[in-house]
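What follows is the residue order along each chain.
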Amino acid sequence: THKVTDYLVKAGLLVALGELENLRGNYKRSRYYYSEALLFFKKIGCKRGEAYTLLGLGRLEYYVSNFNSAKVLYQQALEATTRDPKCEATILHNL
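Residues numbered from 1 in each chain as written. Predicted model: local features only at pLDDT ≥ 70, side-chain atom pairs only at ≥ 80, totals over all residues. Heavy atoms only, no water.

Inspection of the entire model under this criterion finds four salt bridges. A salt bridge links Glu50 to Lys47, with the nearest nitrogen and oxygen atoms 4.0 Å apart. In this pair, Glu50 and Lys47 are both assigned in helix α3 (residues 47–63), three residues apart and thus about one turn of the helix distant. According to the relative accessible area criterion, Glu50 is buried, its value standing at 7%. (Salt bridge = Lys/Arg side-chain N within 4 Å of Asp/Glu carboxyl O. Helix = DSSP H or I, 4+ residues; strand = E, 2+ residues; numbered from the N terminus. Buried < 20%, exposed > 50% of the residue type's maximum accessible area, 1.4 Å probe, protein only.)

Bringing unusual backbone geometry into the picture now. Unusually for a residue other than glycine, Ser65 sits at a positive phi of about 65°. Take Ser65: it is sitting in the loop between α3 and α4 (67–80).

This part is about the packing of α3 against α4. Packed helices, taken two at a time, are described by the angle between their axes plus the distance between the axes. Where α3 contacts α4, the axes come no closer than 8 Å and their chain directions differ by 165°. One element, α3, and the other, α4, form an angle in the roughly antiparallel class. Crossing hand, α3 versus α4: left-handed. Counted together, Lys47, Glu50, Ala51, Leu54, Leu55, Leu57, Gly58, Arg59, Glu61 and Tyr62 of α3 and Phe67, Ser69, Ala70, Leu73, Tyr74, Gln76, Ala77 and Ala80 of α4 form the full contact between these two elements. Looking at the contact of α3 with α4 residue by residue, the class counts come to eleven nonpolar, three polar and four charged. (Axes fitted to C-alpha atoms, helices over the stretch in contact; angles between N-to-C directions. Parallel < 35°, antiparallel > 145°, perpendicular 65-115°, else oblique. Left-handed = near helix turned anticlockwise from the far one by under 90°. Contact = heavy atoms within 4.5 Å. Nonpolar A, V, L, I, M, F, W, Y, C, P; charged D, E, K, R; others polar.)

What follows is the structure, given as structure tokens:
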């Protein structure tokens with residue numbers, strides 16, 4: 001429906017902003033964007049979106065040397081793939 005499409009677009013933009021801020025080293029802002037995107041993806045039940053967002057959050061934690069948090073987020077991302085081979089391979093590639 002129209003609302004689901006709107007949420008997907010918003011979530012996708014938030015992930016892109018999270019990635020941009022992550023690359024810029026603005027980790028607090030990056031975390032905010034990723035967290036907002038995750039809420040949208042969960043709201044509409046988009047497991048692939050959840051997985052990629054959790055992967056982004058995991059990378060962020062890795063970059064700031066929070067390795068235990070990164071590991072947990074990577075594991076959550078893997079669990080969210082719901083056996084999607086492409087998504088699973090992307091997450092495993094980042095481990």
